[in-house]
Amino acid sequence: MAKPNVDADGSICSIDKLANDVLLYILSELVPIETITSCKFVCKKWNKLLAGVRGTMIFLVSSPGQRNVKLYFEDIFKLLSNMNPVLATIESLCFKTCATEILHQPVNKIKVRTQGNKKAIAIGSRAGLVCISRPHHGLSDPTHVCNPMTFEYTNLPQLSSSLRGGYVVSGFGHLPECKQFKVLRIYYPSTELRDLDNAPLGMAQVVTLGFGGSSNTWRDVGVIKTPLWQPGIQSGETLYFMGPIDCTIVTFNLQQENFGQLEPPPCLQQFENSIYHLQELNGVLYFIHQLTGRHIHLWAQGEHDSWVTAYTIEWPWKCPYDYFQPIALTAREEILFWVNCKLCVYDSKTSTFKINVDLNPGNKLAICQAICYESSDKK
């Protein structure tokens, strides 16, 4: 039997002799993401240290034939540690068996869809609140803001029912110093996006919630000439949007409430089967270039709005139709992807996907969306 290591005074070396902040760093940042929950069961001290280490996921779910949406939540570390890849194909593995339903009645009354193909979607989460778009009159309108844990909520005024056709692009942001939340919606009267010269103008409105808010009143903040498509992503005090034609990045400063532009990284080439989108991970804005069937590039925004290649991931499997959405990044540089209702963990040190959990076996759900829930006590 190997002898234990001893200190100079003859006492046995122990990891518990480390300062709490050092031990917390080792346990929460250096161990694999799927073992965090297991570490909590080692002893009372470790459980207490890791009690606040969470990465909560919010799932927006609807089954076929179900008229309303449902919210589920679960801690990322618990979700992954309980998942045995061998069980990932059985029918019993679903949201009802691995996540907790949030019985938030106002949310549960949100319709899945109305006319057309517009669906209820989660726009984003900031400081405990989640903004959800509600479909009505063929538009997805970001009018529901709630705290799914305390059941508090507010419904914002809808766009006029006289508006016919077109679409809405939305963003949700938080200004912690001002103690304010802002919802931005841009209404485009047409979906014709064949070229920039003939693209429809977007009419932008913003509403302020929180300290000094405007009683849930939408304010006009101008007209935008660039057609946008994807929901806005907050990084710092700015919402970032991307256009569908030439991947133009449009910025909206939440403090000054004005629009600007940001040069995209030098990867925009006319590749067939290319998909581009934006994401914020650990406070950094990323530009994701997915060349389906070949690779996934993650460009990180650097100083002076420059771009740096952060990760290059080879296509992991044969199916060429998956859509890879990075939703979390750990200190060990493990990337959590949401891939067509699957949770996948990519280990950048070994360049492998080590966990692949299907939360929608058989593709039976009408809506299956995942976002990281930012709690109100985030530092």
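These figures come from a predicted structure and were not determined experimentally. (Residues numbered from 1 in each chain as written. Predicted model: local features only at pLDDT ≥ 70, side-chain atom pairs only at ≥ 80, totals over all residues. Heavy atoms only, no water.)

Undergrad: Is there a simple way to explain the confidence of the model for the protein chain in this structure?
TA: Low-confidence regions, as indicated by low pLDDT, have predicted coordinates that should not be scrutinised in detail. For the protein chain, the mean per-residue pLDDT works out to 79, and 74% of the residues sit at or above 70. A low-confidence stretch, residues 84-93 stays under pLDDT 50, and its non-local contacts, those more than four residues away or across chains, total 14 contacts. (pLDDT = per-residue confidence, 0-100. Contact = heavy atoms within 4.5 Å.)

Undergrad: I keep staring at the sheet that holds strand S8 (residues 167-175) and nothing clicks. Help me out?
TA: Strand pairing in a sheet relies on backbone hydrogen bonds, with the paired strands running either antiparallel or parallel. Here we have four strands laid out as an open sheet, ordered S8-S9-S10-S11, and antiparallel in their pairing. Single-partner strands in this sheet number two, and they are S8 and strand S11 (219-224). Averaged over neighbouring strand pairs, the angle between their axes works out to 20° when direction is ignored. (Pairing = 2+ DSSP bridges. Helix = DSSP H or I, 4+ residues; strand = E, 2+ residues; numbered from the N terminus. Axes fitted to C-alpha atoms, helices over the stretch in contact; angles between N-to-C directions.)

Undergrad: I keep staring at the pairing of strand S4 (residues 121-126) and nothing clicks. Help me out?
TA: Where burial is concerned, most of S4 is hidden: five out of the six residues are buried. One ladder, built from five bridges, connects S4 with strand S5 (residues 129-136); its direction is antiparallel. Within S5, the residue paired with Ile121 across the bridge is Ser133. Counted along the chain from S4 to the antiparallel partner S5, the turn is two residues long, and its residue Ala127 has a positive phi close to 50°. (Buried < 20%, exposed > 50% of the residue type's maximum accessible area, 1.4 Å probe, protein only.)

Undergrad: Explain the packing of aromatic side chains to me, please; I cannot follow it from the model alone.
TA: When we look at a pair of aromatic rings, we describe it by the centre distance and by the angle of the planes. With the rule as written, the count across this model stands at 12 aromatic pairs. For the pair Phe59 and Trp338, a centre-to-centre distance of 5.8 Å together with 50° between the ring planes defines the contact as tilted. Of this pair, Phe59 sits in strand S1 (residues 56-62) while Trp338 sits in strand S21 (residues 334-339), placing them 279 residues apart in sequence. For the residue pair Phe59 and Trp338, the accessibility class agrees, reading buried in each case. Residues Tyr346 and Phe353 carry aromatic rings whose centres are separated by 5.0 Å and whose planes lie at 55° to one another, so their mutual orientation is tilted. Taken together, the aromatic side chains of Trp315, Phe324, Phe337, Tyr346 and Phe353 make up a single cluster linked through ring pairs. Note that Arg185 overlies the ring of Trp218, its terminal NZ or CZ placed 3.8 Å from the centroid. (Phe/Tyr/Trp six-rings, centres within 6.5 Å; stacked < 30°, edge-to-face > 60°. Lys NZ or Arg CZ within 6 Å of the ring centre and 35° of its normal.)

Undergrad: For this particular structure, what's the right way to read the pattern of salt bridges?
TA: Charged atoms that come close allow side chains of opposite charge to pair. All told, the structure shown has five salt bridges when counted by the stated rule. Salt-bridge contacts for Glu280 lead to Arg126; the nearest nitrogen and oxygen are separated by 3.8 Å. With Glu280 in strand S16 (residues 274-281) and Arg126 in strand S4, the pair connects residues that are 154 residues apart, well separated along the chain. The pair formed by Glu280 and Arg126 is uniform in burial state, with each residue classed as buried. A salt bridge links Arg219 to Glu257; the shortest N-O distance between them is 2.9 Å. Pair noted here: Arg219 is in strand S11 and Glu257 is in the loop between strand S14 (249-253) and strand S15 (258-262), with a separation of 38 residues, a long-range link. Residues joined by salt bridges that share partners form a network here, namely Lys182, Arg219 and Glu257. (Salt bridge = Lys/Arg side-chain N within 4 Å of Asp/Glu carboxyl O.)

Undergrad: So what exactly am I meant to see when it comes to the sheet that holds strand S22 (residues 342-347) here?
TA: Pairing in this open sheet of four strands is antiparallel, and the strands run S20-S21-S22-S23 from one edge to the other. Either end of the sheet is taken by a strand with one partner, and the two such strands are strand S20 (324-329) and strand S23 (352-358). Pairs of neighbouring strands in the sheet enclose a mean axial angle of 25°, with direction left out of account. Sheet topology note: the S22/S23 ladder contains six bridges and is antiparallel. Counterpart to Cys344 in the pairing with S23 is Asn356.

Undergrad: I keep staring at the environment of Asp322 and nothing clicks. Help me out?
TA: Topologically, Asp322 is positioned in the loop between strand S19 (307-314) and S20. We classify Asp322 as buried; its relative accessible area is 7%. Considering only alpha carbons, one finds Asp322 and Gly293, 29 residues apart in sequence, at a separation of 8.8 Å. Among all residues touching Asp322, those that are not within four sequence positions of it are Gln290, Trp315, Trp317, Val339 and Asn340.

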